[in-house]
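# Examination of the molecular architecture
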Amino acid sequence: MFTANPPTISSSPSISKALKATNPRILPFERTHLTPTRNQRNPRLFTTPVINSSLSTTESITSTPTTSPHPVPTPAHIRVDILSESLPFIQKFRGKTIVVKYGGAAMKSQVLQASVINDLVLLSCVGLRPVFVHGGGPEINAWLGKLGLKPNFLNGLRVTDSSTMEIVEMVLVGKVNKQLVSLINKAGATAVGLSGKDGRLLTARPNAKSAELGFVGDVASVNASILRPLIANDHIPVIASVAADENGQAYNINADTVAGELAASLGAEKLILLTDVAGILEDKEKPETLVKQIDIKGVKRMMEEGKIAGGMIPKVNCCVRSLAQGVRTASIIDGRKPHSLLLEILTDEGAGTMITG
């Protein structure tokens, strides 16, 4: 989500107009306006089109399903124009590591899940080096229910006793992780599934409120040496947010935290958190007040003013911590949008809020 000046193709009409004329549903989430506040804070260009990984129609999660079983192909000249305009963005990120935290609606909806997986594989194919970190709250809750156990939360964190920890590890490492690996492999990339335990990738320590939360942990240290050869060989590491302490005790760790610490350890170009909100808002009741770009000082000021609160606080803190450790930019993006990853990386517009150092 950086500002670039894509090549001008004078012989063809506006791509956005051409896409709409050919297929009005090709841009189901195109923004049509900016508030003055956002323009003053971060004037951006909004000329780069949304890129569909299949280069055909995109199905919005809230749209009415098409009656035709086959999408209408996008004309060839428009496909070429779109790829041509993506060149500056691809050049910017080629060979760079990006860490993506996956969860929320993008994990629960099959349509959005397919969108995220296809985006990830496309980015890998054009030379980016993605690392994929995931949680799996809904799956954990479903399996707890099957076993007659009731999920219990404290201030948004799962209370994890020994029985719950066993189920968390089984679901995240044994089920969700391997499903994601299979989907990525099926889409044409090569994924390798790991947890924090593998190769001592992560060492956990008890959370400060462990007396109340049980086996909920924080990241004590990261050993990224196991990831570097995988990334260098164009494999996509898929990492479940479970780790053990020095005594081998397993801990459930917040996936945002894991993603942030991995991004810092790998010297990532970008950290991306997929969420169920539009991003950071000036007014949490008004989605149109989305802050497109902000620095650490601005974020801290918004927190002091109470504009950043609740579940957004740990996500913002995670981003700030990673930036302080050398990550170039961190973005909190709307995972409810199809192809939000491509919007964030391959367009000026982005798909949420980008935080800079």
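These lines cover the structure that appears in this document, whether it is placed above or below. This structure is a prediction, so every number in the text was calculated from the model and none was measured.

Further remarks concern helix α5 (residues 110-125). Compared with the 22 Å implied by 1.5 Å per residue over 16 residues, the 22 Å span of α5 between its first and last C-alpha is a close match. Among all positions of α5, only Leu112, Gln113, Ser115, Val116, Ile117, Asp119, Leu120, Val121, Leu123 and Ser124 are buried. For α5, the N-terminal cap is Ser109; the gap from its side-chain oxygen to the backbone nitrogen of Val111 is 3.3 Å. Taken from the residues just after α5, Gly127 is the one with a positive phi, measuring 110°.

The next subject is the side chain of Lys101. With respect to the helices and strands, Lys101 occurs in strand β1 (residues 97-102). Excluding residues that lie within four positions of it along the chain, Lys101 makes contacts with Val133, Ala255, Asp256, Ala259, Ile272, Leu273, Leu274 and Lys315.

What follows deals with the sheet that holds β1. What the eight strands build is an open sheet, ordered β5-β8-β2-β1-β11-β13-β14-β12; its pairing is mixed. Strands at the two margins of the open sheet, each flanked by one partner only, are β5 (191-195) and β12 (293-295). Looking at each pair of strands side by side, their axes are set apart by 20° on average, direction ignored. Where strand β11 (residues 270-275) meets strand β13 (residues 329-334), six bridges bridge the pair, whose relative direction is parallel. Note on β13: the bridge partner recorded for Thr275 is Asp334. Strands in contact with helix α12 (residues 312-324) are β1, β11, β13 and β14 (352-356); relative to β13, the strand with the most contacts, it is inclined by about 155°.

Another point: the packing of helix α11 (residues 296-304) against α12. The interhelical angle for the contact between α11 and α12, taken along N-to-C directions, is 155°, at an axis separation of 11 Å. Relative to α12, the element α11 lies roughly antiparallel. Like other packed secondary-structure pairs, α11 and α12 cross with a definite hand, here left-handed. In this structure, α11 uses Ile296, Val299 and Met303 to contact α12, whose residues at the interface are Ile313, Val316, Asn317, Val320 and Leu323.

The next subject is the packing of helix α6 (residues 137-146) against helix α7 (residues 162-186). Put simply, α6 and α7 touch, their axes get as near as 9 Å, and they point 125° apart. Judged on the interaxial angle alone, α7 and α6 are oblique. The crossing of α6 and α7 is right-handed. When α6 is examined against α7, the residues Glu139, Ile140, Trp143 and Leu144 are found in contact with a partner set consisting of Thr164, Ile167, Val168, Val171, Leu172, Lys175, Val176 and Gln179. Broken down by class, the residue content of the contact of α6 with α7 amounts to eight nonpolar, two polar and two charged.

Looking now at the nonpolar core. By size, the foremost hydrophobic cluster in this structure holds 44 residues, and its most contacted members are Val100, Tyr102, Phe132, Ile184 and Ile345. For this core, the leading source of residues is α7, giving nine residues. Contact partners of Val100, with chain neighbours within four places excluded, come to Leu120, Val131, Phe132, Val133, Ile272, Leu274 and Leu341.

The next subject is the pattern of salt bridges. Summed over all chains, the structure comprises eleven salt bridges. Between Lys96 and Glu269 there is a salt bridge, with the nearest N and O atoms lying 3.7 Å from each other. Of this pair, Lys96 sits in the loop between α3 (76-93) and β1 while Glu269 sits in the loop between α10 (255-266) and β11, placing them 173 residues apart in sequence. Of the residues examined, Lys96 reaches a relative accessible area of 31% and is grouped as partly exposed. Take Glu269: its relative accessible area is 9%, and that puts it in the buried class. Lys197 is paired through a salt bridge with Glu169; the nearest N and O atoms lie 2.7 Å apart. With Lys197 in the loop between β5 and β6 (202-206) and Glu169 in helix α7, this residue pair connects regions lying 28 residues apart in the sequence. Linked by salt bridges that have partners in common, Lys96, Glu269 and Arg328 make up one network.

Attention now moves to unusual backbone geometry. Of note in this structure, Asp234 is not a glycine but carries a positive phi near 65°. With a relative accessible area of 52%, Asp234 lands in the exposed category. With a phi close to 60°, His339 is a non-glycine residue in the positive phi region. The residue His339 is located in the loop between β13 and α13 (340-346) in this model. For His339, a relative accessible area of 6% gives the class buried.

The rules behind each value
- Residues numbered from 1 in each chain as written.
- Predicted model: local features only at pLDDT ≥ 70, side-chain atom pairs only at ≥ 80, totals over all residues.
- Heavy atoms only, no water.
- Helix = DSSP H or I, 4+ residues; strand = E, 2+ residues; numbered from the N terminus.
- Expected span 1.5 Å × (residues − 1).
- Buried < 20%, exposed > 50% of the residue type's maximum accessible area, 1.4 Å probe, protein only.
- Polar contact = N/O pair within 3.5 Å; in protein donor to acceptor, adjacent residues only side chain to side chain.
- Contact = heavy atoms within 4.5 Å.
- Pairing = 2+ DSSP bridges.
- Axes fitted to C-alpha atoms, helices over the stretch in contact; angles between N-to-C directions.
- Parallel < 35°, antiparallel > 145°, perpendicular 65-115°, else oblique.
- Left-handed = near helix turned anticlockwise from the far one by under 90°.
- Nonpolar A, V, L, I, M, F, W, Y, C, P; charged D, E, K, R; others polar.
- Core = buried A, V, L, I, M, F, W, Y, C linked by side-chain atoms within 4.5 Å.
- Salt bridge = Lys/Arg side-chain N within 4 Å of Asp/Glu carboxyl O.

Any link to function would need more than the numbers given here.
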